[in-house]
Amino acid sequence: MEATKGSQIAVLIVPTTQPEEIEQYGIRVADQWKLGRKGVDDGAILIVAKDDRRVRIEVGRGLEGALPDAIANRIVDEAIAPRFKLADYDGGVEAGVEKMIAVVNGEPLPEPDRRWNITPAAWRICCPSRWWPS
């Protein structure tokens, strides 16, 4: 990714982000790691807080056009969460990174899966433990 586009994608897997929320934690880590090119801010980080049962894609300003929050949430809901629910954490991370790279390279995501009666984002808000078996 970095060699072809200049953008950087990182993965961070931690037990917890507490006492910080995953959003704050992700921004802090991305700033400390200096993801993306200076002045372009085209980095992204996939954060997995396993004990918290939380996943987030944090995107630098330079990638917000290619990887906006709506697309990042779809990647979590459709590529990562289903695998995590099956305890396939490696597969979830790999699928998520592959989708992130594809989107940054200009490839569109397929249409959302319409089989859900409730949207994946709404499910995550009411039932965040769905990603990992109890």
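Since this is a predicted model, take the numbers as computed values, not measurements.

K.L.:
Is there a simple way to think about the packing of aromatic side chains in this case?
P.N.:
How two aromatic rings sit relative to each other is given by the distance of their centres and the angle of their planes. Taken as a whole, this structure holds 1 aromatic pair when the rule is applied. Between Phe84 and Tyr89 the ring centres are 5.4 Å apart and the planes differ by 65 degrees, which places this aromatic pair in the edge-to-face class. On the accessibility criterion, Phe84 (0% relative accessible area) is buried.

K.L.:
Would you explain the nonpolar core in this entry?
P.N.:
Across soluble globular proteins, nonpolar side chains show a tendency to be buried alongside one another. Counting 20 residues, the largest nonpolar core has Leu46, Ile57, Leu67, Ile75, Ile80 and Met100 as its most contacted members. Of all elements in the fold, only strand S2 (43-49), strand S3 (54-59), helix H3 (69-85) and helix H4 (89-104) reach the threshold of two or more residues within this core. Other than its neighbours up to four places away in sequence, Leu67 contacts Ala44, Ile57, Val59, Ala72, Ile75, Met100, Val103 and Val104. Core analysis: the second largest hydrophobic core is formed by 11 residues, Leu12, Val14, Tyr25 and Ala30 among them.

K.L.:
Would you mind showing me how to read the pairing of strand S1 (residues 8-14) here?
P.N.:
Working note: regular strand, side chains alternate between the two faces of the sheet. Sheet analysis places S1 next to S2, joined by 7 bridges and oriented parallel. By the bridge assignment, Val14 is partnered in S2 with Ala49.

K.L.:
Explain a negative patch on the surface here, please?
P.N.:
Among the surface-exposed residues, Asp31, Asp41, Glu64 and Asp69 lie close enough to one another that they form a single negatively charged patch. Note that Asp31 resides in helix H2 (residues 22-33). With a relative accessible area of 54%, Asp31 lands in the exposed category.

Conventions adopted
- Residues numbered from 1 in each chain as written.
- Predicted model: local features only at pLDDT ≥ 70, side-chain atom pairs only at ≥ 80, totals over all residues.
- Heavy atoms only, no water.
- Phe/Tyr/Trp six-rings, centres within 6.5 Å; stacked < 30°, edge-to-face > 60°.
- Buried < 20%, exposed > 50% of the residue type's maximum accessible area, 1.4 Å probe, protein only.
- Core = buried A, V, L, I, M, F, W, Y, C linked by side-chain atoms within 4.5 Å.
- Helix = DSSP H or I, 4+ residues; strand = E, 2+ residues; numbered from the N terminus.
- Contact = heavy atoms within 4.5 Å.
- Pairing = 2+ DSSP bridges.
- Patch = residues over 30% accessible without salt bridge, like charges linked within 9 Å, V, L, I, M, F, W, Y side chains within 5 Å.
- Areas by Shrake-Rupley, 256 points an atom, 1.4 Å probe, with all protein chains shown as cover.
- Salt bridge = Lys/Arg side-chain N within 4 Å of Asp/Glu carboxyl O.
- Lys, Arg positive; Asp, Glu negative; His and termini not counted.
- Charge placed at Lys NZ, Arg CZ, Asp CG, Glu CD.

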